[in-house]
Amino acid sequence: MAIFSQQDHKTQLDFRKYNKETPNYRVPYNLPVDLEKKLNKFMMKIGLDTGSIDMLYSKDGDYYF
């Protein structure tokens, strides 16, 4: 899921500081296949079957874990 929280001053630093008047735009999102494989490998290595990973996508096209 992609959450577009940067345009709202209430959620810019933490999207959990929810703005009920103008909720953040959220859409399903597919990561690049190579990144998804690396994350799956990481999850298996640390022994997790399920989980949630927060990432940032920069304006330069880089992903940050």
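These lines cover the structure that appears in this document, whether it is placed above or below. (Residues numbered from 1 in each chain as written. Predicted model: local features only at pLDDT ≥ 70, side-chain atom pairs only at ≥ 80, totals over all residues. Heavy atoms only, no water.)

## Some thoughts on the overall build of the protein
Phase 1 of the analysis: In terms of regular secondary structure, the protein is built from one helix and four strands.
Phase 2 of the analysis: For the protein, the C-alpha radius of gyration of 14 Å lies well beyond 11 Å, the compact-globule estimate for 65 residues.
Phase 3 of the analysis: In terms of principal-axis extent, the alpha carbons of the protein reach across some 40 × 25 × 20 Å.
Phase 4 of the analysis: Put simply, the protein has 65 residues, and 17% of those count as buried.
Phase 5 of the analysis: Nonlocal contacts in the protein, meaning residues at least 24 apart in sequence, comprise 22% of its contacts between residues at least 6 apart.
Phase 6 of the analysis: Looking at charge distribution, the protein has the averaged site of its 10 positive side-chain charges lying 3 Å from that of its 9 negative ones. (Helix = DSSP H or I, 4+ residues; strand = E, 2+ residues; numbered from the N terminus. Rg over C-alpha atoms; globule rule 2.2 N^0.38 Å. Buried < 20%, exposed > 50% of the residue type's maximum accessible area, 1.4 Å probe, protein only. Contact = heavy atoms within 4.5 Å. Lys, Arg positive; Asp, Glu negative; His and termini not counted. Charge placed at Lys NZ, Arg CZ, Asp CG, Glu CD.)

## Re the side chain of Asp8
Phase 1 of the analysis: The topology assignment puts Asp8 in the loop between strand 1 (2–4) and strand 2 (25–27).
Phase 2 of the analysis: As a buried residue without a salt bridge, Asp8 has its nearest oppositely charged side chain in Lys10, at a separation of 6.4 Å.
Phase 3 of the analysis: Only 2.8 Å separates the side chain of Asp8 from the backbone nitrogen of Lys10, close enough to count as a polar contact.
Phase 4 of the analysis: Beyond its immediate sequence surroundings of up to four residues, Asp8 is in contact with Asn19, Thr22 and Asn24. (Salt bridge = Lys/Arg side-chain N within 4 Å of Asp/Glu carboxyl O. Polar contact = N/O pair within 3.5 Å; in protein donor to acceptor, adjacent residues only side chain to side chain.)

By themselves these figures say nothing about function.
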